Amino acid sequence: MRILVFNAGSSSLKFGVFETGADTQHLFKGSFERFRDGGCAFRFTQGTDTEEGTAPHGDLTAAIAAVPGVLTAHGLNDIAAVGHRIAHGGPDFAAPTRLDGDSLPRIEALTPLAPLHNPANLEAVRVAIETWPDLPQVGVFDTSFHLTNPARATTYAVPEVWRQAGLRRYGFHGTSHKYVAHRAAEELGQPITALRIISVHLGNGASVCAVNLGRSLDSSMGLTPLEGLVMGTRSGDLDPGAYGFLSRQLGLSMADIEAALYSDSGLKGLTGSSDMRDVEDRAAAGDAAAQQAINLYAYRARKYIGAYAAAMGGVDAVVFTGGIGENSPSMRRRICDGLEFMGLRLDHDRNAAPDLSDRAAPQIQSYGARVAVIVTETAEQLQIAREVAAHLARPKPEARPIPVAVSGRHVHLSAKAVEALFGKGYRLTEGKPLRQPGNWAAEERVTLEGPKGRLERVAILGPLRKRTQIEVSRTDSFALGIDAPVRDSGSLDGTPTVRLIGPAGHLDTDGLIVAARHIHANPEDAAALGVEDGELVDVRISNGVRDLVFDRTLIRVQPGAFTEMHIDTDEANAAGLGAGGAGDLVPQSATLRTAD
Ligand code: ADP
């Protein structure tokens, strides 16, 4: 499928044409930038040919309107769909979305959250709809990937009315972080769901993202793309007390302060130049301000890597991308030096000149270092093209209710755990069969004990597993006094330890989790619902009591499964759900967990 992708910024228009398929081809790359005096600079690349020069387009709107002519001149007809990068999707846009009369007003309403970025994106959408009224137009949001961040990562500790007004952390560069994290997992030959990856995107904008077992856990940008790292012209982290200080001392208005933080800060504020190549050259020539800027830039990035390793309980790979991450061996080196204590060490030669051609993702850590360090070009437009194609290829789902089962706290035991708790050679007594074929509740029970309290008579579910897993609700985890992470079943590395107590002894074991909500489905029901194994979907509960949407619910397809959604007691209480409840798939909510 031939897809045109727009990435419209406030001062540039980038676009690309892709032929998607098993191996997506980038057919054409174009940009219009530096708009001034009724003209702009252009650059087009097709195959190995590149054309550059000036074009008579004075602003973004004129540049977008010129794109159909450029495509025709390069023999690129038969465009089947248009994909748009949209910076801010707010809390609701978790997946690629058809841009139409329903979604566009909702996206426009998000403009106060991204006043510089969203209007340019929407201008591209407006011109594209006018130019190609019959083609599907699909938005892919920079924020979507981060909607899996837990509340502790997205909440600012501010008054409730502010939070109700929408003040929260979102995170950006999601398309890039998602692409490079998947690319890194591919390079390492391991499933992304088994890896803790820190993605470091260093371009004009810059952010770090903790990708924990395939999902974004936290990222350094917040409500807006201002928070976090030092950037080309943006400040990154700043004490919120600065606003009052600047207002009192310098008489600055909010608008003055905001404009300076977006456009006159970062490398530009520190050195006068926003371009890292200039700053590096000046530093090497002895310019003290440039030297300090480089130190500050690297120090901030290193702190975030350390913080995210702590947030994930470890790190398997760090990925560098973006103009600086891809091209500056000295910046990579400065950021990584000092992280040896956590197993991260660069190889001098491999770091010096990694070959990134053909979307390569070379590893540049020292031989034997525990943490892989990978460099790869980001490919946001390619990722957008793939997501648009996947979105359009989805079959129309059938509307049918999904039964919802509420899981109380329970444990799955290993054979070793049964012996430790019940005595050598003990066999659990199979009790009530569960609805998933082959599963049963044992007659025996165990006690869980944490530093704060105990939970008695906890159910044991069979059959035995290779590894003990203890599933509790968030409320239970507070009763125990242990911070249990939300995890998919079986994803137990780095989970906290809890004490299990049985009649014959006790066992301290890791494996304590709050189970991520999921839907078991057999292949027939999955096909009818239009979903696939590993996807995340939104499920609406409308029971007239406490209606809500459970977002990002994992689909698990297994032959013979009884199709039902599993949530825990906290979730059921939040939705006012008792036994016999059901939910409906929110149309078009499914997102792929893999890159394509
Ligand atoms: P954007 O975020 O606008 O897509 P890029 O990802 O292209 O920007 O990154 C631009 C930044 O990358 C600039 O600061 C530029 O100086 C820097 N950069 C590009 N090449 C190099 C290099 N060889 N060494 C250091 N910095 C570089």
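Since this is a predicted model, take the numbers as computed values, not measurements. (Residues numbered from 1 in each chain as written. Predicted model: local features only at pLDDT ≥ 70, side-chain atom pairs only at ≥ 80, totals over all residues. Heavy atoms only, no water.)

1. Some details on the site of the ligand
- Among the 14 residues in the neighbourhood of the ligand, the closest are listed as N204, D275, M276, R277 and G323.
- Contacts to the ligand include M276, whose backbone N or O atom sits 3.0 Å from an oxygen atom.
- Between the ligand and the protein, one listed contact pairs an oxygen atom with a backbone N or O atom of G323 at 2.8 Å.
- Contact with the protein chains covers 72% of the free accessible surface of the ligand, which is 580 Å².
- Residue assignment for the shell around the ligand shows that the elements contributing at least two residues are α10 (276-284) and α12 (322-327).
- When residues in the shell around the ligand are grouped by element, the largest group, four residues, is from α12. (Near = heavy atom within 4 Å. Polar contact = N/O pair within 3.5 Å; in protein donor to acceptor, adjacent residues only side chain to side chain. Areas by Shrake-Rupley, 256 points an atom, 1.4 Å probe, with all protein chains shown as cover. Helix = DSSP H or I, 4+ residues; strand = E, 2+ residues; numbered from the N terminus.)

2. Quick notes on the confidence of the model for the protein
- Averaged over the protein, the pLDDT score is 93; the fraction of residues at 70 or greater is 98%.
- Note that pLDDT drops below 50 for residues 592-596; the model gives that stretch 16 contacts with residues more than four away or on any other chain. (pLDDT = per-residue confidence, 0-100. Contact = heavy atoms within 4.5 Å.)

3. Re the packing of helix α11 (residues 288-312) against helix α13 (residues 329-336)
- The N-to-C vectors of α11 and α13 enclose an angle of 55°; their axes lie 8 Å apart at closest approach. As far as their axial angle goes, α13 and α11 are oblique. As α11 runs across α13, the sense of the crossing is right-handed. Each of I294, N295, Y297, A298, A301, R302 and I305 in α11 lies in contact with α13, whose residues at this interface are M331, R334 and I335.
- Considering only residue class, the contact of α11 with α13 consists of seven nonpolar, one polar and two charged. (Axes fitted to C-alpha atoms, helices over the stretch in contact; angles between N-to-C directions. Parallel < 35°, antiparallel > 145°, perpendicular 65-115°, else oblique. Left-handed = near helix turned anticlockwise from the far one by under 90°. Nonpolar A, V, L, I, M, F, W, Y, C, P; charged D, E, K, R; others polar.)

4. Some remarks on the environment of A259
- With respect to the element layout, A259 can be found in helix α8 (residues 254-263).
- On the accessibility criterion, A259 (43% relative accessible area) is partly exposed.
- Sequence-wise, A259 and R234 are 25 residues apart; in three dimensions their C-alpha atoms are separated by 9.5 Å. (Buried < 20%, exposed > 50% of the residue type's maximum accessible area, 1.4 Å probe, protein only.)

5. A look at helix α1 (residues 60-73)
- With 14 residues, α1 should reach 20 Å at 1.5 Å per residue; the first-to-last C-alpha distance of 20 Å fits that figure.
- Burial in α1 covers these residues: L60, A63, I64, A66, V67, V70 and L71.
- In the core, the buried residues of α1 are packed alongside β1 (2-8), β2 (12-19), β3 (25-36), β4 (39-46) and α3 (118-131).
- Positive backbone phi, approximately 70°, marks G75, located one or two places after α1. (Expected span 1.5 Å × (residues − 1).)

6. As for the sheet that holds strand β11 (residues 215-219)
- Here five strands make up an open sheet; going across it, the order is β11-β10-β9-β12-β13 and the pairing mixed. Each edge of the sheet is formed by a strand with only one pairing partner; in this case those strands are β11 and β13 (372-375). Each neighbouring strand pair of the sheet contributes to a mean axis angle of 25°, computed without reference to strand direction.
- Alignment of strand β9 (residues 196-202) against strand β12 (residues 317-321), held across five bridges, turns out to be parallel. Following the sheet pairing, H201 is matched in β12 by T321. (Pairing = 2+ DSSP bridges.)

7. Digging into the pattern of salt bridges
- Across all of its chains, the model carries 29 salt bridges by this definition.
- When the shortest N-O distance is used, the salt bridge between R2 and E19 registers 2.9 Å. Residue R2 is located in strand β1, and its partner E19 is located in strand β2; the two are separated by 17 residues in the primary sequence.
- In this structure, R152 and D483 form a salt bridge, with 2.7 Å as the shortest nitrogen-oxygen distance. Of this pair, R152 sits in helix α4 (residues 151-154) while D483 is found in the loop between α17 (474-480) and β20 (486-487), placing the two residues 331 residues apart along the sequence.
- Here the salt bridges do not stand alone but share partners, grouping R85, D142 and E380 into one network. (Salt bridge = Lys/Arg side-chain N within 4 Å of Asp/Glu carboxyl O.)

8. Section: the packing of aromatic side chains
- Going through the model one piece at a time under the given rule, you end up with eleven aromatic pairs.
- Ring centres of F28 and F44 lie 5.7 Å apart, and the angle between their planes is 40°; on these two criteria the pair is classed as tilted. Within this pair, whereas F28 is found in strand β3, its partner F44 is found in strand β4, the two being separated by 16 residues in sequence. The exposure classification of F28 matches that of F44, with both residues buried. (Phe/Tyr/Trp six-rings, centres within 6.5 Å; stacked < 30°, edge-to-face > 60°.)

9. Details of the sheet that holds strand β5 (residues 49-55)
- Ordered in space as β5-β4-β3-β2-β1-β6-β8-β7, the eight strands form an open sheet in which the pairing is mixed. The sheet terminates laterally at β5 and β7 (97-98), the two strands that pair on one side only.
- On the sheet, α1 packs against β1, β2, β3 and β4 and is oriented at approximately 25° with respect to β2.
- Along the sheet, α3 makes contact with β1, β6 (81-86) and β8 (137-141), crossing β6 at roughly 165°.

10. Details of unusual backbone geometry
- In this structure, P463 follows G462 across a cis peptide bond, with omega equal to 5°.
- For P463, the location among the structural elements is in the loop between β18 (454-462) and β19 (469-471).
- Phi is positive for R34, which is not a glycine, with a value near 50°.
- One non-glycine residue, D78, lies in the positive phi region at around 60°.
- One can find D78 in the loop between α1 and β6.

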